[in-house]
Amino acid sequence: MPRIVSITLQNTDTARPIIEAITTDNPGAVVHDYPGIVKIDREGSLIIRRASVEERIGRDWDPQELHLSVVSMAGNVDEDDDYFSLAWSH
Amino acid sequence: MNAIGKLGLKQRYALLTRGLDWEPSYQPRDKVFPYAAFEGIKVHDWSKWEDPFRLTMDAYWKFQAEKERKLYAVLDSFAQNNGQLGLTDARYVNAIKLFLTGVSPLEYQAHRGFAHTGRHLPGIGPRIAAQMQSLDELRHVQTQVHTISHYNKFFDGFHDWQHMHDRVWYLSVPKSFFDDARTGGPFEFMIAIGFSFEYVLTNLLFVPFMSGAAYNGDLATVTFGFSAQSDESRHMTLGIEVIKFLLEQDPDNLPIVQKWVDKWFWRGHRVLGLVAMMMDYMLPRKIMSWREAWDIYFTEAGGSLFEDLARYGLRPPRYADVATAEAEHISHQNWAIFYQYTHAAAFHTWLPSDEEMDWLSEKYPNTFDKYYRPRLEMWREMEKEGKRFYNNGLPQLCTTCQIPMGYTEPGDPGTICFRTSEFRGETYHFCSDGCKDIFDDEPEKFAQSWLPVHQIFQGNCGGASVEDVLRWYRMNLGADNMDQAGSPDQRQWDAWMEARRRVAG
């Protein structure tokens, strides 16, 4: 069975540049639109990069701002100042 | 402060947790943490704990304050602008009645449970994470009480939700679930709520349901739901970290943790049957069937998770296959129970329309037309003849999940499933092998269950007639209960819609 990691974000103005950064930085990511939310799945791992989001919103962005938009996730979390990532480790 | 500013996130968080911990000197550790040993869990080195989310207190308050500002602006606006008029249909409110009276009090239980656990876990990392979760859960119940307050101005069934939560027969299902978790030890609580409920099952509660609210014009519920859910992902990572940590610490923990995973998966599956019914029968505009939600959030997401945990020897929960097979049946069986007992519930019921039945046929090609449509059509005929079917007996309840014994045998949807156990000369009844196993493992605990039907027969619920009991529940008879058609809710809604048509000309 494919090991899917997943992140679900609200479908809002704040979240859309993050969604765009994810789809650009994670080839093969599959985007599902549901009412009010967007669920992004990818096999194995998925990363959100600070630089990619900042490029799109034109200001500093702290990866912890993700807390304002996230709805759900699947996978083990690793977060630091420059990224937030999800992966199945084994 | 400048020096702090230069530290990386991981260092800052380590200072908050490890840096603020201390060794007690006035009392020995086992007196400070008296509940840490009795469950048999062995922890050799708490410093091996990996923090899931690294949210320092300043960031925590900053982000939570931002969430609250957004949330209350929307709730206030919803109230000011009579947002309830924008709902798809008055029937929708019944789903919210069930959610706000059944689930919202659990947020408060979670607040208390995590406060207690946060106090009693000997490791500083999980203690801080549990403390933050406790504060989150208090925030969640507050936001939901504000939503209750608004809906209560316009619709029936919300007026005494706390009183009802401790008494009403179907609300005892979610209540007893959390009572069971909170009366376990701190490690069982973390596996029960942190792992099994938050990580494995909460997506099935919040995500499809809040998306359903978004699809049905319920801005208030969408807003509190997604605001809560943004904390939930932090809670999920705490849950997965706890289970990995316990399994890494000592191989003797595996059988204990496995038993809890089996127990709490099954208990959660039973509680979520209420959500199954909300999704398949109660949302006027439906987003996905329970079966589809189960496939996405349990079979697919849970499959990846348990594959990841297999390296510790943990297997997927026992009876996961039975639960997956039940996803074809459970919403239909639950709605049938509530339809029969509509006189005793503080929300309204109805029979699905032709279009809705066709949707159910399409979503449940293996089961709906064969087992459930004929019964609904028969009840519709009976309604037309003026013989609307009410079940006037009191149902036998499962001692573990407290749900009326309306479920069927695995693989045989024509036969009701009954299981029994003997304990201290008494016979106890169960709806499934999953519920029987849970009782058999802790009979002293479950023999004390406050079962609503038993309590009625023992004379502890206000009197001998159904009406006496409903008054003791503080239900407004003829307003809170019975069918949606003809209810004060429906009359009020029709008047609003008529006024709107007049204004529109």
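As shown above, the structure is provided for reference.
Conventions adopted
- Residue indices begin from 1 for each chain and proceed along its sequence in written order.
- All chains are assigned letters beginning with A, and all ligands numbers beginning with 1, in the order in which they are written.
- Confidence filtering applies because this is a predicted model: local features only for residues at pLDDT of at least 70, side-chain atom pairs given and counted only at 80 or more, and all residues used for totals across whole chains, interfaces and linings.
- Numbering of helices and strands starts at the N terminus; helices are DSSP runs of H or I of at least 4 residues and strands are runs of E of at least 2.
- C-alpha atoms define the radius of gyration in this analysis, and the globule rule sets the expected value at 2.2 Å times the number of residues to the power 0.38.
- Buried residues are those with 20 or more other C-beta atoms within 10 Å of their own C-beta, exposed residues have 12 or fewer, and partly exposed residues lie in between; C-beta atoms are placed from the backbone.
- Remark: residues whose backbone-derived C-beta atoms lie within 7 Å of one another are considered to be in contact.
- Ten residue types, Ala, Val, Leu, Ile, Met, Phe, Trp, Tyr, Cys and Pro, are classed as nonpolar, four, Asp, Glu, Lys and Arg, as charged, and the remainder, Gly among them, as polar.
- Being paired, for any two strands, means DSSP has found at least two bridges between them.
- Axis definition: a line fitted to C-alpha atoms, over the contacting stretch in the case of helices. Angles run 0 to 180 degrees between N-to-C directions.
- By definition in this entry, angles of less than 35 degrees are roughly parallel, angles greater than 145 are roughly antiparallel, angles of 65 to 115 are roughly perpendicular, and the rest are oblique.
- Note on convention: the crossing is left-handed when the near helix lies turned anticlockwise from the far helix by less than a right angle, right-handed when the turn is clockwise.
- Among buried residues, those of type Ala, Val, Leu, Ile, Met, Phe, Trp, Tyr and Cys that are joined through C-beta atoms within 7 Å form a set called a nonpolar core.

## Let's talk about the overall build of chain B
Thought 1: Across its full length, chain B holds 22 helices and four strands.
Thought 2: Its C-alpha atoms give chain B a radius of gyration of 24 Å, near enough to 23 Å, the size a compact globule of 505 residues would have.
Thought 3: Seen through its principal axes, chain B has C-alpha atoms that stretch 75 × 60 × 45 Å.
Thought 4: Residues counted as buried form 48% of the 505 residues belonging to chain B.

## What about the interface of chain B and chain A?
Thought 1: At the interface, 35 residues of chain B touch 26 residues of chain A.
Thought 2: With nine residues, the top contributor of residues to the side of chain B that touches chain A is helix H11 (residues 219-249) of chain B.
Thought 3: Tallied by class, residues from the side of chain B that touches chain A come to 17 nonpolar, nine polar and nine charged.

## Quick word on the pairing of strand E4 (residues 426-430) of chain B
Thought 1: By the bridge criterion, five bridges tie strand E3 (residues 419-423) of chain B to E4(B) in an arrangement that is antiparallel. Residue Arg419(B) lies in a different strand from E4(B), and its bridge partner there is Phe430(B).

## Focus: the packing of helix H1 (residues 16-25) of chain A against helix H2 (residues 50-57) of chain A
Residues and elements named next belong to chain A.
Thought 1: Viewed as axis vectors pointing N to C, H1 and H2 meet at an angle of 130°, and their least axial separation amounts to 9 Å. Taken together, the axes of H1 and H2 lie oblique to each other. The way H1 lies across H2 gives a crossing that is right-handed. Counting all contacts with H1, which are made through Pro17, Ile18, Glu20, Ala21, Thr24 and Asp25, the residues of H2 involved are Ser52, Val53, Arg56 and Ile57.

## Some details on the nonpolar core
Thought 1: The biggest cluster of nonpolar side chains holds 149 residues, and the ones touching the most others in it are Leu9(A), Ile18(A), Ile191(B), Leu204(B), Val275(B) and Met278(B).
Thought 2: Looking at this core element by element, the count peaks at 19 residues for helix H10 (residues 186-215) of chain B.
Thought 3: Look past the residues within four positions of Val275(B) in its chain and what remains in contact with it is Leu204(B), Leu205(B) and Phe209(B).
Thought 4: Listed in part, the six residues of the second largest apolar core include Leu71(B), Leu75(B), Phe78(B) and Ala220(B).

## What about the sheet that holds strand E1 (residues 4-10) of chain A?
Residues and elements named next belong to chain A.
Thought 1: Ordered by their spatial adjacency, four strands build an open sheet running E2-E3-E1-E5, and the pairing between neighbours is antiparallel. Single-partner strands in this sheet number two, and they are strand E2 (30-34) and strand E5 (70-74). This sheet shows a mean twist of 15° between the axes of neighbouring strands, independent of strand direction.
Thought 2: Looking at chain direction, E2 and strand E3 (residues 37-43) are connected through five bridges and run antiparallel. Across the sheet, Val30 pairs through a bridge with Asp41, a residue of E3.

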